[in-house]
Amino acid sequence: MPRLFNFSAGPAVLPEPVLAVASDHLLSLGETGIGALEHSHRGDVFAEILASAEARIRRLAELPDDIVVLFLQGGASLQFAMLPANLRAAGQSADYINSGTWSQKAIAAAGTDGLVHVAASSEDSGFRRLPADPIPSEQPAYLHYTSNNTIAGTQFPGPPSLPDHIPLACDASSDIFSRPLDLTVHDLVYAGAQKNLGPSGLTLVLVRRHLLERAPDNLPAILRYDTHAAAGSLYHTPPVFSIFVTELVLKWLEDQGGLQVIAARNLAQATRLYERIDSSRLLKGRVEPADRSVMNVVFTAGSPEADRRFLDRCNAADVVGLKGHRSVGGLRASLYNAQPDAAVDRLLEVIDAFEAEATS
Ligand SMILES: Cc1ncc(COP(=O)(O)O)c(C=O)c1O
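This text gives an overview of the structure that appears in the document.

**Digging into the sheet that holds strand 11 (residues 284-285)**
- With antiparallel pairing, three strands are arranged side by side in an open sheet as 11-12-14. This sheet does not close on itself; its edge strands, each paired only once, are strand 11 and strand 14 (331-334).
- Sheet topology places strand 12 (residues 296-300) next to strand 14; four bridges connect them, and they run antiparallel. By the bridge assignment, Val297 is partnered in strand 14 with Ala333.

Structural data, given as structure tokens:
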């Protein structure tokens, strides 16, 4: 079966060379005689993979030494709960920038058992633009933002500026390692792996060491960052296969030339697509041009019926995964790191054909 051009928002397309190497190791990882899914997480072989994944992350993101790398489970959604549970003291507020559905979910999770202050919001625009600069509360535990809004299709150009004493936390699930990530200004960054890093099942957390001490004594061990840090991410059985594939993706990223190079490639792809949408008589982007995401291009063909016709044309051309999120409708093309230029070429051809059909 030939591979389709997959624009899914996640799980998403992975680099083909990575998939080929991963499948080569299913029956026997190297010369070990044990498959990549079957190795014990306590064995030397997996220890080497885990150490290599961490080393590659440190190199790619030029992590400062006081950033701890954690390989966890539970998705970004568990981080919505773990972050306030670990960092927010009783009676203290946690500040959030509300820039879309995923920010709202993070806010809701933090609001179940503590104070939340929304420091900025673009909800009144239907999240068609980014919020204004945040206005933090008095002494917040941290300020949290979602660097790329997967559903709305907006992306912060960089971290918000904040007074030095406020720790900055970021949900980078849909743009981690798609561009340089500055861990000198962030204090905690988390991301589900399933868009830019590898398969689902793994959540990466990068956290400043001194923040590990903040967890209240009554927090269960499994939910504590310090538990996982002390155990080197082996407190319980980690998702070994997800980590194995992620290590290969990280190697692929290094082989591409690192985050600057991948960022330039991502921007070039997104620019081609946005320019074509802007020049189209039928298609229309959903968000303010200045706030557009390089990862998730959200647009419409003008009506639900026209969107359906566009999707039919896509399917006929082996282009899949463009149906917009059910909460906003329309169309969405996700351009994560592994998206090949050929997929964008094909999508642009579909747009040309769609327009030609409408005028004929
Ligand atoms: C920005 C963002 N945050 C959080 C999530 C939720 O991630 P998970 O399903 O891994 O919990 C997603 C999923 O798409 C996302 O895009």
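**Looking at the site of the ligand**
- Surrounding the ligand, one finds 13 residues, the nearest of these being Ser77, Thr150, Asp171, Gln194 and Lys195.
- Gln194 places a polar side-chain atom, nitrogen or oxygen, 2.9 Å from an oxygen atom of the ligand.
- At 2.8 Å, a side-chain N or O of Lys195 approaches an oxygen atom of the ligand.
- Starting from 390 Å² of accessible surface for the ligand in isolation, the protein chains cover 85%.
- When residues in the shell around the ligand are grouped by element, the largest group, four residues, is from helix 3 (residues 75-87).
- For the shell around the ligand, the class distribution of residues is three nonpolar, eight polar and two charged.

**Concerning the packing of aromatic side chains**
- Summed over all chains, the structure comprises seven aromatic pairs.
- With centroids separated by 6.5 Å and ring planes inclined at 40°, the aromatic side chains of Phe80 and Trp102 adopt a geometry described as tilted. Taken together, the residues span a long stretch of sequence, with Phe80 in helix 3 and Trp102 in helix 4 (residues 101-111) at a distance of 22 residues.
- A relative accessible area of 5% places Phe80 in the buried class.
- What makes Trp102 partly exposed here is its relative accessible area of 29%.
- Where Phe310 meets Phe354, the ring centres are 5.1 Å apart and the plane angle is 90°; that geometry is what we call edge-to-face. Taken together, the positions of Phe310 in helix 8 (residues 304-316) and Phe354 in helix 9 (residues 341-359) put the pair 44 residues apart, joining distant regions of the chain. Phe354 shares its class with Phe310; the two are buried.
- Within the aromatic cluster, the residues linked to one another by ring pairs are Phe80, Trp102 and Tyr190.

**Notes on the pattern of salt bridges**
- By the definition in use, this model includes 19 salt bridges.
- Here Arg179 makes a salt bridge to Asp175, at a shortest N to O gap of 3.3 Å.
- Relative accessible area serves as the criterion here: at 4%, Asp175 is assigned to the buried category.
- Of the charged contacts, one joins Arg313 and Glu357 as a salt bridge, the two residues approaching to 3.2 Å between their closest N and O atoms. Highlighted residues: Arg313 in helix 8 and Glu357 in helix 9, separated in sequence by 44 residues.

**Brief notes about the pairing of strand 12**
- Within strand 12, four of the five residues are buried, which leaves the element mostly enclosed by the surrounding structure.
- Sheet topology places strand 11 next to strand 12; two bridges connect them, and they run antiparallel. In the strand pairing of strand 12, Gly285 is matched with Phe299.

**Some thoughts on the sheet that holds strand 10 (residues 203-208)**
- Pairing is mixed in the open sheet, where seven strands are placed in the order 2-10-9-8-5-3-4. Looking at the sheet topology across the chains shown, the edges are occupied by strand 2 (67-72) and strand 4 (115-121). Pairwise comparison of adjacent strand axes, ignoring direction, gives a mean angle of 20° for this sheet.
- Judged from the five bridges that link them, strand 9 (residues 188-192) and strand 10 form a sheet pairing that is antiparallel. Residue Val189 lies in a different strand from strand 10, and its bridge partner there is Leu206.
- Packing of helix 2 (residues 44-61) onto the sheet brings it into contact with strand 2 and strand 10, and relative to strand 2 it is tilted by some 130°.

**Looking at the packing of helix 7 (residues 259-279) against helix 9**
- Viewed as axis vectors pointing N to C, helix 7 and helix 9 meet at an angle of 0°, and their least axial separation amounts to 11 Å. On the basis of their axis angle, the class for helix 7 and helix 9 is roughly parallel. In this structure, helix 7 uses Arg265, Gln269, Arg272, Leu273 and Arg276 to contact helix 9, whose residues at the interface are Asp341, Val344, Asp345, Leu347, Leu348, Ile351, Asp352 and Glu355.
- Here the residues of the contact of helix 7 with helix 9 sort into five nonpolar, one polar and seven charged.

**Brief notes about the nonpolar core**
- Membership of the largest hydrophobic core comes to 51 residues, with the highest contact counts inside it found for Ile57, Phe71, Ile176, Phe177 and Leu206.
- If near-sequence neighbours (up to four positions away) are discounted, Phe71 is found in contact with Leu50, Ala53, Glu54, Ile57, Leu202, Thr203, Leu204, Ser233 and Ile243.
- Ranked by size, the runner-up nonpolar core spans 32 residues in total, among them Val297, Ala333, Ala343 and Leu348.

The rules behind these values
- Residues numbered from 1 in each chain as written.
- Predicted model: local features only at pLDDT ≥ 70, side-chain atom pairs only at ≥ 80, totals over all residues.
- Heavy atoms only, no water.
- Pairing = 2+ DSSP bridges.
- Helix = DSSP H or I, 4+ residues; strand = E, 2+ residues; numbered from the N terminus.
- Near = heavy atom within 4 Å.
- Polar contact = N/O pair within 3.5 Å; in protein donor to acceptor, adjacent residues only side chain to side chain.
- Areas by Shrake-Rupley, 256 points an atom, 1.4 Å probe, with all protein chains shown as cover.
- Nonpolar A, V, L, I, M, F, W, Y, C, P; charged D, E, K, R; others polar.
- Phe/Tyr/Trp six-rings, centres within 6.5 Å; stacked < 30°, edge-to-face > 60°.
- Buried < 20%, exposed > 50% of the residue type's maximum accessible area, 1.4 Å probe, protein only.
- Salt bridge = Lys/Arg side-chain N within 4 Å of Asp/Glu carboxyl O.
- Axes fitted to C-alpha atoms, helices over the stretch in contact; angles between N-to-C directions.
- Contact = heavy atoms within 4.5 Å.
- Parallel < 35°, antiparallel > 145°, perpendicular 65-115°, else oblique.
- Core = buried A, V, L, I, M, F, W, Y, C linked by side-chain atoms within 4.5 Å.

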